Amino acid sequence: MKRCLFIAAVLWLVSASSAFAQPKQARATPSTFENDVRPIFKALCFECHGEGKSPRGGLDLRLVRSMLEGGDHGAVIVPGNVATSMLIDKVRKQKMPPGKRKLTAVELAKIERWIAEGAKTDQPEPKSLGKGFQITAQERAFWAFQPIRRPVVPNVKSAKQVRTPIDAFLLSRLEEKGLSFSPEADRATLLRRLYFDLIGLPPTPKEAANFLADTRADAYERAADRLLASPAYGERWGRHWLDVAGYADSEGYASADVLRTSSYRYRDYVIRAFNADKPFDQFIIEQLAGDELIKPPHDKTGPADLDKLIATGFLRMAPDGTGGGDVDRKLAANQTIADTLQIVSTSLLGLTLQCAQCHNHRYDPIPQVDYYALRAVFEPALNWKNWRTPAGREVVVLSDAERKIAAAIEQDAVKIDKERLAKNDVFIEQVFQRELAKLPTSVREPARQARATPPAKRIPAQQKLLRDHPSLNVSSGSLYLYDSKAAATPKALADRAATVRAKKPVGQSIRALTEIPGQAPATFLFHRGDFEQPRQVVMPEHLTILQPLHLSKIPARAPNIPTTGRRLAFARSLVDGKHPLTARVLVNRFWLHHFGRGIVNTPGDFGFLGERPTHPDLLDWLAQDFMAGGWKLKRLHKLIVTSTAYRQTSRRTPELQKADPDNRLLGRMSVRRLEAEAIRDAVLAASGKLNAKQFGPPLPIAYDDLGQVIVGVDTTDGAGRPTGRKVDLKGEEFRRSIYIQVRRSRPVSMLEAFDAATPTPNCEIRNASTVTPQALMLMNSRFIHEQADHFARRVQKEAGKDLRQQIALAWRLAFAAEPTAKEWSLAESFVRGQAKEFRARPKQTEPDTLALANFCQALLSANRFLYVD
């Protein structure tokens, strides 16, 4: 909660409350309470002065009328007179608001200006407001909560530049500024852009040459189709989704950061779904409620329904420390639920619902009860009072064929067990008779009877007799004390039975979310977010702000399935076409990954603190078109990448720079740095070492001798000390980065340096920093050095001994382009100079290869390699 407030405070400081009003120089209208002041009071004051059971000091700050009437100490504002307004005096002296969070200078200036201009309202105020949380008409009119429209595609002057409706919407805004699209990028640049966008890999020299030689009018469209059909597409776009899902191969929460052994199945499901172009409405329903689409018991789920069960791993990605020792199980369970709700709300609703966990949302029209209404949707499966640990939630699924095999194997093992027990009984009886023979004759028969009598029925004399002669108490456990040879025989039967049982199919262990039929706990609103302070019962429901849209109801219990059906109803309501957020949030994310920024550039926050859409009509058109097109993502990709807007050059012009320096209007393409995974994968592609194998358990990670986290097997001893032993991964270490283990406490150093996603609990948008550690990684990383060497040897092998041909091939592999004459000359001079230096060193071997490797490392470190133009 503190993190939410801190982020909010920073946003207020940086944006000068731009979420609610334009900067002063852009304002032509007077300040009003609704636009300028109420958002500040809502964030900092309403909890005490308006939304509580009774306003403190008798002062309600929700209406200007109430401020003029005043509280226990009289009126708090004097319209037109800032100096005599009690409210300003209290704020300036930092007596109000209480606590650490005080008004910023910008916020204070807004309030002062509003009072100075007469403390006006935008609309007539009601005579009074009811107690508690209230949603204003202005909040209800906020763009994100309106039904998705189908705007008319605008007419534009430069109609020849319009390839798709996307172009018309963008051109309309550009023409308002006297601008137009930039020229189309050259074909080599366009192809590299398309490859990295759709599959996250560079084109091979052969692919680039074929495209440049293809003179057909639809050559570009054909290239896009080939990439969308590539298995690598799902790996690229699946990784984008895993960011917002918070994918990780470890539990997090505590320092132990316990590994997850089966979460990779969810990762593979996502990749398969993207490659198959699974309709996104189905994709969402399966992830939220796949288990409610199939009949229990889930361990007998058939192949056709298995993906639905695996898909619910989406709701198991949040950190979960409940399986570890030395944790407060109740606290950890409730944190897992909170993190799961945050993942759901930011990824599918585009709202910071987590900020309403402890109190009413300070910025958005979301009362605290709404948070718990959403929690009620998921609590039957995430029942914190009957919590199941991660191990307890695993579902092991066996196919019918595997069950038959397992049953046959068990029959064989049972036969072995029976033989073992029979032989064991014989040996025990033989030993007993030998020990019995050692006793006096008069004792033997009573002793035999005492042993034959069940322990519970032995009389005291029999009990004493056996205590006095303990050697008669021979059993399976003590047989070895009397006859080691005899004891070894049943143990070797036992071992044989275990060996037979080991051949049983193990099935698939799935990290799924399921409900226990018949268990539907009551959900309570927690006072101040404290689960130890439950208040009123809350039923599953949509957000209050969305009630006018008449979304599908979420029943407390569905009539036709064994589970509550709450998650299934919720999921279906998100994608039935009436929900105002889901489709907008999705297409905005897809747009972001194509253009480098979203139409709404806060993809996880469509609320009042988020950025406003630069092209609201385009956003709605895309959302409607996406739904009307069957929620098919590949169709949307094709629409975007074939647009004139996408095919523009990134070259800046003085006119564009002056009118739109941040390129919000998209009068050119933005230059974008590759993400961490794409950089590593592109390095492997250039070196020729990339392993295209798909799916399966994640690649292990370990610390190397320099303290860097790399791909490799951990060979440290029990005390964490290096043993020096190395394990050959047989080329597996060169698979795509999406298959590397994501351990929360051990991010891979190469990926971390380039802003890989941090699942805390998920990643709404990645940073794209330019910092010193990146340069150091490219200069000093063992991985880069090794790949540069492989790169050089590949070039020598494929281009022959001619240095100019080697340079040309290296250039094509790194940049998907031909070097200019000047670049060729500079490169040749560099390599020859390096080779000369290496030859001058005593006992230096392979100077030409080393020189070429230095050149290849320089290519891998170049901005031209790291960025997409």
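Note that the structure is predicted; figures quoted are calculated from it, not measured.

**So, the side chain of threonine 336**
Here comes step 1: For threonine 336, the location among the structural elements is in helix H15 (residues 329–349).
Here comes step 2: By relative accessible area, threonine 336 is classed as buried at 5%.

**Overview of the pattern of salt bridges**
Here comes step 1: On inspection of all chains with the given rule, the structure shows 64 salt bridges.
Here comes step 2: When the shortest N-O distance is used, the salt bridge between aspartate 214 and arginine 216 registers 2.8 Å.
Here comes step 3: Residue aspartate 214 is classed as buried on the basis of its relative accessible area of 13%.
Here comes step 4: Arginine 735 is the salt-bridge partner of glutamate 732, the closest N and O atoms lying 3.5 Å from each other.
Here comes step 5: On the accessibility criterion, glutamate 732 (23% relative accessible area) is partly exposed.
Here comes step 6: The structure contains a network of salt bridges with shared partners spanning Arg149, Arg584, Asp617 and Asp620.

**Focus on the packing of helix H32 (residues 803–815) against helix H34 (residues 847–861)**
Here comes step 1: Contact pair H32 / H34: the axes reach a minimum separation of 10 Å and the direction vectors enclose 25°. Between H32 and H34, the angle is such that the two are roughly parallel. When the axes of H32 and H34 are compared, the crossing they make is right-handed. From H32, Gln806, Ile807, Ala810, Trp811, Ala814 and Phe815 reach across to H34, where they touch Leu852, Phe855 and Leu859.
Here comes step 2: Broken down by class, the residue content of the contact of H32 with H34 amounts to 8 nonpolar, 1 polar and no charged.

**Here we look at the environment of alanine 209**
Here comes step 1: Locating alanine 209 in the fold gives a position in helix H9 (residues 205–213).
Here comes step 2: Its relative accessible area of 42% is what places alanine 209 among the partly exposed residues.
Here comes step 3: Measuring from C-alpha to C-alpha, the distance between alanine 209 and glutamine 533 comes to 68 Å, with 324 residues separating the pair along the chain.

**So, the packing of aromatic side chains**
Here comes step 1: What the rule picks out here adds up to 28 aromatic pairs.
Here comes step 2: Centre to centre, the rings of phenylalanine 142 and tryptophan 143 are 6.1 Å apart; their planes meet at 45°, and the pair counts as tilted. In this structure, phenylalanine 142 and tryptophan 143 share a single accessibility class: buried.
Here comes step 3: Measuring from ring centre to ring centre gives 5.6 Å for phenylalanine 274 and phenylalanine 283, while their planes differ by 75°; the resulting arrangement is edge-to-face.
Here comes step 4: A relative accessible area of 1% means that phenylalanine 283 is categorised as buried.
Here comes step 5: Its guanidinium or amino end placed over the ring of phenylalanine 211, arginine 187 lies 4.2 Å from that ring's centre, counting from NZ or CZ.
Here comes step 6: Note that arginine 735 overlies the ring of tyrosine 739, its terminal NZ or CZ placed 4.3 Å from the centroid.

**Things to note about unusual backbone geometry**
Here comes step 1: A cis amide bond links methionine 96 to the next residue, proline 97, at an omega of -10°.
Here comes step 2: Structurally, the position occupied by proline 97 is in the loop between helix H4 (86–92) and helix H5 (105–116).
Here comes step 3: Proline 761 follows threonine 760 through a cis peptide bond whose omega is -10°.
Here comes step 4: One non-glycine residue with positive phi stands out, namely aspartate 755, at about 65°.
Here comes step 5: With respect to the helices and strands, the residue aspartate 755 is situated in the loop between helix H29 (749–753) and helix H30 (772–780).

**Remarks on the packing of helix H24 (residues 582–595) against helix H26 (residues 633–641)**
Here comes step 1: Two elements in contact, H24 and H26, have axes separated by 11 Å at closest approach and are oriented at 45°. As far as their axial angle goes, H26 and H24 are oblique. The two elements H24 and H26 meet at a crossing, and its hand is right-handed. Contact with H24, carried on its side by Val587, Phe590, Trp591, His594 and Phe595, involves Leu633, Leu636, His637, Ile640 and Val641 of H26 and no other residues of that element.

**Examining the nonpolar core**
Here comes step 1: Counting residues in hydrophobic clusters, the biggest one holds 138 residues, and the most contacted among them are Trp241, Tyr266, Phe280, Leu288, Phe378, Trp591 and Leu622.
Here comes step 2: In terms of residues, this core owes the most to one element, H15, which gives 8 residues.
Here comes step 3: Other than its neighbours up to four places away in sequence, phenylalanine 378 contacts Leu288, Leu315, Leu341, Val344, Arg567 and Phe570.
Here comes step 4: Formed by 52 residues, the second largest nonpolar core is a distinct cluster that contains Ala678, Ala753, Val795 and Ile807.

**Topic: the environment of cysteine 355**
Here comes step 1: Positionally, cysteine 355 belongs in the loop between H15 and helix H16 (368–378).
Here comes step 2: Taking C-alpha positions, cysteine 355 is 8.8 Å from tyrosine 371, a pair spaced 16 residues apart along the chain.

**Let's talk about helix H28 (residues 676–687)**
Here comes step 1: For H28, which comprises 12 residues, the first-to-last C-alpha distance of 17 Å matches the rise-based estimate of 16 Å (1.5 Å per residue) to within 8%.
Here comes step 2: The buried count for H28 comes to 11 of 12 residues, which makes it a mostly enclosed element.
Here comes step 3: By the burial criterion, the buried members of H28 are Ala676, Glu677, Ala678, Ile679, Arg680, Asp681, Ala682, Val683, Leu684, Ala686 and Ser687.
Here comes step 4: Downstream of H28 by a residue or two, glycine 688 has a phi angle that is positive, lying close to 85°.

**What to know about empty space enclosed by the protein**
Here comes step 1: Taken as a whole and judged by the stated rule, the model has 8 cavities of 30 Å³ or more.
Here comes step 2: One number sums up the size of the largest cavity: a volume of about 110 Å³.
Here comes step 3: In terms of lining residues, the largest cavity is bounded by Gly200, Glu235, Arg236, Arg239, His240, Glu675, Glu677, Ala678, Asp681, Arg736, Ile738 and Arg766.
Here comes step 4: Secondary structure elements with two or more residues in the lining of the largest cavity: helix H11 (231–245) and H28.
Here comes step 5: Its boundaries defined by the atoms lining it, the second largest cavity holds a volume of some 70 Å³.
Here comes step 6: Lining the second largest cavity, in full, are Leu349, Leu353, Leu374, Glu541, His542, Leu543, Leu546, Phe570, Leu574 and His579.

Quick notes on the rules
- Residues numbered from 1 in each chain as written.
- Predicted model: local features only at pLDDT ≥ 70, side-chain atom pairs only at ≥ 80, totals over all residues.
- Heavy atoms only, no water.
- Helix = DSSP H or I, 4+ residues; strand = E, 2+ residues; numbered from the N terminus.
- Buried < 20%, exposed > 50% of the residue type's maximum accessible area, 1.4 Å probe, protein only.
- Salt bridge = Lys/Arg side-chain N within 4 Å of Asp/Glu carboxyl O.
- Axes fitted to C-alpha atoms, helices over the stretch in contact; angles between N-to-C directions.
- Parallel < 35°, antiparallel > 145°, perpendicular 65-115°, else oblique.
- Left-handed = near helix turned anticlockwise from the far one by under 90°.
- Contact = heavy atoms within 4.5 Å.
- Nonpolar A, V, L, I, M, F, W, Y, C, P; charged D, E, K, R; others polar.
- Phe/Tyr/Trp six-rings, centres within 6.5 Å; stacked < 30°, edge-to-face > 60°.
- Lys NZ or Arg CZ within 6 Å of the ring centre and 35° of its normal.
- Core = buried A, V, L, I, M, F, W, Y, C linked by side-chain atoms within 4.5 Å.
- Expected span 1.5 Å × (residues − 1).
- 1 Å grid on protein atoms, 1.4 Å probe; cavity = no way out; pocket = protein on both sides within 12 Å on 5 of 7 lines; lining within 4 Å.
- Points joined across faces, edges and corners; volume = space filled by probe spheres on them.

Shape descriptors only; they carry no functional weight alone.
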